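Residue-level listing of the chains:
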There are 2 protein chains.
Amino acid sequence: MHHVKHIRIVGCGLIGTSAGLSLSRSGFRVSLHDPSPTAQAIARDMGAGQTGVTDAPDLVLVAAPPDVAAHVVADELRRWPQAVVTDVASVKEQVLNGVRAAGGDLSRYVGSHPMAGRERSGAVAARADLFDGRTWVICPGDDSAAEAVAAVKAVAEATGAATVTMDPVEHDHAVAAVSHVPQLASSLVAARLRELSDAAIRLSGQGIRDVTRIAESDPMLWTQILSGNAAAVAPVLDALLDDLTAVRTAITDLAGTGADTDTAPGARQVLARTIAEGQLGHARIPGKHGSAPTAYATVVVVVPDEPGQLGRLFNDMGEAGINLEDLHLEHGEGIPVGLAEVSVLPSVVDRLIDELGAKGWTVHR
Amino acid sequence: MHHVKHIRIVGCGLIGTSAGLSLSRSGFRVSLHDPSPTAQAIARDMGAGQTGVTDAPDLVLVAAPPDVAAHVVADELRRWPQAVVTDVASVKEQVLNGVRAAGGDLSRYVGSHPMAGRERSGAVAARADLFDGRTWVICPGDDSAAEAVAAVKAVAEATGAATVTMDPVEHDHAVAAVSHVPQLASSLVAARLRELSDAAIRLSGQGIRDVTRIAESDPMLWTQILSGNAAAVAPVLDALLDDLTAVRTAITDLAGTGADTDTAPGARQVLARTIAEGQLGHARIPGKHGSAPTAYATVVVVVPDEPGQLGRLFNDMGEAGINLEDLHLEHGEGIPVGLAEVSVLPSVVDRLIDELGAKGWTVHR
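Rules used throughout
- Residues numbered from 1 in each chain as written.
- Chains lettered and ligands numbered in written order.
- Predicted model: local features only at pLDDT ≥ 70, side-chain atom pairs only at ≥ 80, totals over all residues.
- Heavy atoms only, no water.
- Axes fitted to C-alpha atoms, helices over the stretch in contact; angles between N-to-C directions.
- Helix = DSSP H or I, 4+ residues; strand = E, 2+ residues; numbered from the N terminus.
- Parallel < 35°, antiparallel > 145°, perpendicular 65-115°, else oblique.
- Left-handed = near helix turned anticlockwise from the far one by under 90°.
- Contact = heavy atoms within 4.5 Å.
- Nonpolar A, V, L, I, M, F, W, Y, C, P; charged D, E, K, R; others polar.
- 1 Å grid on protein atoms, 1.4 Å probe; cavity = no way out; pocket = protein on both sides within 12 Å on 5 of 7 lines; lining within 4 Å.
- Points joined across faces, edges and corners; volume = space filled by probe spheres on them.
- Buried area = accessible area lost by both parts, 1.4 Å probe.
- Salt bridge = Lys/Arg side-chain N within 4 Å of Asp/Glu carboxyl O.
- Polar contact = N/O pair within 3.5 Å; in protein donor to acceptor, adjacent residues only side chain to side chain.
- Domains from an automatic or database assignment.
- Core = buried A, V, L, I, M, F, W, Y, C linked by side-chain atoms within 4.5 Å.
- Buried < 20%, exposed > 50% of the residue type's maximum accessible area, 1.4 Å probe, protein only.
- Pairing = 2+ DSSP bridges.

### Description of the packing of helix α6 (residues 168–191) of chain A against helix α11 (residues 267–283) of chain B
How two helices pack is summed up by the angle between their axes together with the distance between the axes.
Moving on, step 1. Between α6 of chain A and α11 of chain B, the shortest axis-to-axis distance is 7 Å and the interhelical angle comes to 55 degrees. It follows that α6 of chain A is oblique to α11 of chain B by the angle criterion. Here the hand of the crossing between α6 of chain A and α11 of chain B comes out left-handed. Seen from α6 of chain A, the contacting residues are Gln-183, Leu-184, Ser-187, Leu-188, Ala-190 and Ala-191 of chain A; seen from α11 of chain B, they are Thr-274, Ile-275, Glu-277, Gly-278, Gly-281 and His-282 of chain B.
Moving on, step 2. Counted by class, the contact of α6 of chain A with α11 of chain B contains five nonpolar, six polar and one charged residues.

Below, the structure is given as structure tokens:
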């Protein structure tokens, strides 16, 4: 089997540099390239890999912007006739079509997509643990060789990600619904805040913050992503638009009638159904509490509501050598405890429960 | 000045019971009433106040569902001719109109709205600290007496909330944009997840979780809220619908053209502008990092990336007697530190910075 030792990363932004950091740490030989000598040097200085390497890689990871990814993939396939090539763009069918149109050797190309990222971009924001516990989707085309698929899968898993294999078209439809349309909705809702008075904006609560958090995203990147996945986004947007139009009609009916619940027949039902359908959809998202990525394990620890108890919990976790991935605090009232939702990598959750239990903590899965 | 000692709470749900818990703790005499004897008894047993009280209150807090709030307010105004009455419904103009139509004494009525709540409802979910650090909006009508306004403001502040005074119509427009339309958008986006395959839903990342968190909300309550504020929601929805339609047109154009960036003129600009406008709107939301309510103060503490350091931080906070309100962890990579975003009540943040600094922590505001 084609054993990957030397990985060449083309594109030293957030994803490429983070992959370089992680894979270097895992023992791979990593070489770096970026059209910008500065980006390349920064990534090298951070420890993501070597520059100026000319010998042939076993696998190439193309981390170029989505609108040039296909072109770069085709070039790399041509340049290294023995290498497997993958890319990390968040749209897959368009890249595959582009590689095919450019005459690239599709048996050695396996598109993929790490579901990871940060609001900040660029090599300086890169982290070796960016992919830990995240999902990395592997999207072989019809012509991808099994060996190539296995190589890409192995490299993705070496970064700490969990892999899912999916057809490129299925992937694009999935990200349209779970990523691209939510981004649009978040931006559209946030745009309404521009014209509010200062007093009005002070009424912002947790709800609007949650809904608009991803509205901080970069316009140029998202224009590339959305235009690259337009075919898959269109039907999801259509469905959203149909529902929103029905809601607007119901709201307009109700606005005309005041509080009299005997008027505007059916309007309230439209609203109730909309919220109820949202509940059903939300319930399908994996994981507890909606705050942990798929591949984290979350437990709930009961924390007595006295000073210093939370500190004791973290001391005990630290002594057990268990890394805290994320934390959410829930204050209890009426009862003198709080609830700490603690997220850790799945590989350590059983040990966490044992160790905390042995130190007297009450832990719920 | 009309000094409030005895507060009567009508409606023992989440808000009413939480207010009772908080105000009882602050030294007020609190009496409780609910049409359901069970809800009333639960609230009493939790410590929210006394039941079966017949003497006249100084202030009545009506925490009934939005669609009956006006009716209950008018009844209470009539029953206690010396009392100031407020309600907590999240729409204000409709309640004021309803009280006026029922012939209630508007000089003693001052509507208000605590911007607090939880996904769970009912007395059993009530918390004495529900309003700590939250915003409680005071919405006097044209006829509200100044003394009545002052009384409601004082009671709201006694629960730990920060008050904002605002005209009822201005309030309704504000919550349409910062609460009601975001709720609709969240539900509509979440509804798209119902028909996804199990593999597709696994691609859910932090973005969709944030956007759809409030899609867990209760349909019946939200139908009441939305229909009660339909007049203010309608223009915000119209603006959203117009923008979404423009985006859909741009997406459809791009779907028809593939990756060729010379086609679909203007379509990419529509997308870029949409995301950029969302950035601008999002930037107006007060507070750092989008995760703390308006009235928390957040500092960033640099935590060396070694086991036990986080525990040391919490020990030190506990020793200083400072309560941790919320926490968000940011892992640093490339550098051996993590960043802990620590939220505390504004009244203790200066002390927090001093105490942590004295113990050797690096703290940034």
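The rest of the description comes next.
### Quick look at empty space enclosed by the protein
Moving on, step 1. All chains considered together, the criterion is met by six cavities of 30 Å³ or more.
Moving on, step 2. By volume, the largest cavity amounts to about 80 Å³.
Moving on, step 3. Taken together, Ala-185, Leu-188, Val-189, Leu-240 and Leu-244 of chain A together with Ala-185, Leu-188, Val-189, Leu-240 and Leu-244 of chain B form the lining of the largest cavity.
Moving on, step 4. Those elements giving two or more residues to the lining of the largest cavity turn out to be α6 and α10 (230–255) of chain A together with α6 (168–191) and α10 (230–255) of chain B.

### Considering the interface of chain A and chain B
Moving on, step 1. The partner chain B presents 120 residues to the 120 residues of chain A that form the contact.
Moving on, step 2. Here chain A meets chain B over a buried area of about 11,000 Å², counting both sides, of which 65% is carbon and sulfur.
Moving on, step 3. Our count for the chain A to chain B interface comes out at 10 salt bridges.
Moving on, step 4. Glu-277 of chain B is paired through a salt bridge with Arg-194 of chain A; the nearest N and O atoms lie 3.7 Å apart.
Moving on, step 5. Across the chain A-chain B interface, the total number found is 24 residue pairs in polar contact (both at pLDDT 80 or more).
Moving on, step 6. If one sorts the elements of the side of chain A that touches chain B by residue count, α10 of chain A sits on top with 18 residues.

### Thoughts on the domain arrangement of chain A
All names here are of chain A.
Moving on, step 1. Domain annotation of chain A identifies domain 1 (6–166), domain 2 (173–285) and domain 3 (297–364).
Moving on, step 2. Once you take the C-alpha centre of each, domain 1 and domain 2 turn out to be 34 Å apart.
Moving on, step 3. Each partner contributes to the interface: domain 1 provides nine residues, whereas domain 2 provides eight residues.
Moving on, step 4. Summed over both partners, the interface of domain 1 with domain 2 buries about 730 Å², with 65% contributed by carbon and sulfur atoms.
Moving on, step 5. Taken together, domain 1 and domain 2 are joined by zero salt bridges.
Moving on, step 6. For the pair domain 1 and domain 2, the number of links is one residue pair in polar contact (both at pLDDT 80 or more).

### Describing the nonpolar core
Generally speaking, soluble globular proteins have nonpolar side chains that are buried together.
Moving on, step 1. Judged by nonpolar contacts, the single largest core of 90 residues is most densely connected at Leu-203, Leu-237 and Ile-251 of chain A together with Leu-203, Leu-237 and Ile-251 of chain B.
Moving on, step 2. By size, the runner-up hydrophobic cluster in this structure holds 40 residues, among which are Ala-320 of chain A together with Val-299, Val-301 and Ala-320 of chain B.

### Here's the deal with the sheet that holds strand β1 (residues 6–10) of chain A
Residue and element names in this part refer to chain A.
Moving on, step 1. Spatial ordering of the open sheet is given by β2-β1-β3-β4, a layout of four strands whose pairing is parallel. Looking at strand neighbours, the two that pair on one side only are β2 (29–33) and β4 (84–87), the edges of this open sheet. Put simply, the sheet's adjacent strands are angled 20 degrees from each other on average, direction ignored.
Moving on, step 2. Sheet analysis places strand β3 (residues 59–62) next to β4, joined by four bridges and oriented parallel.

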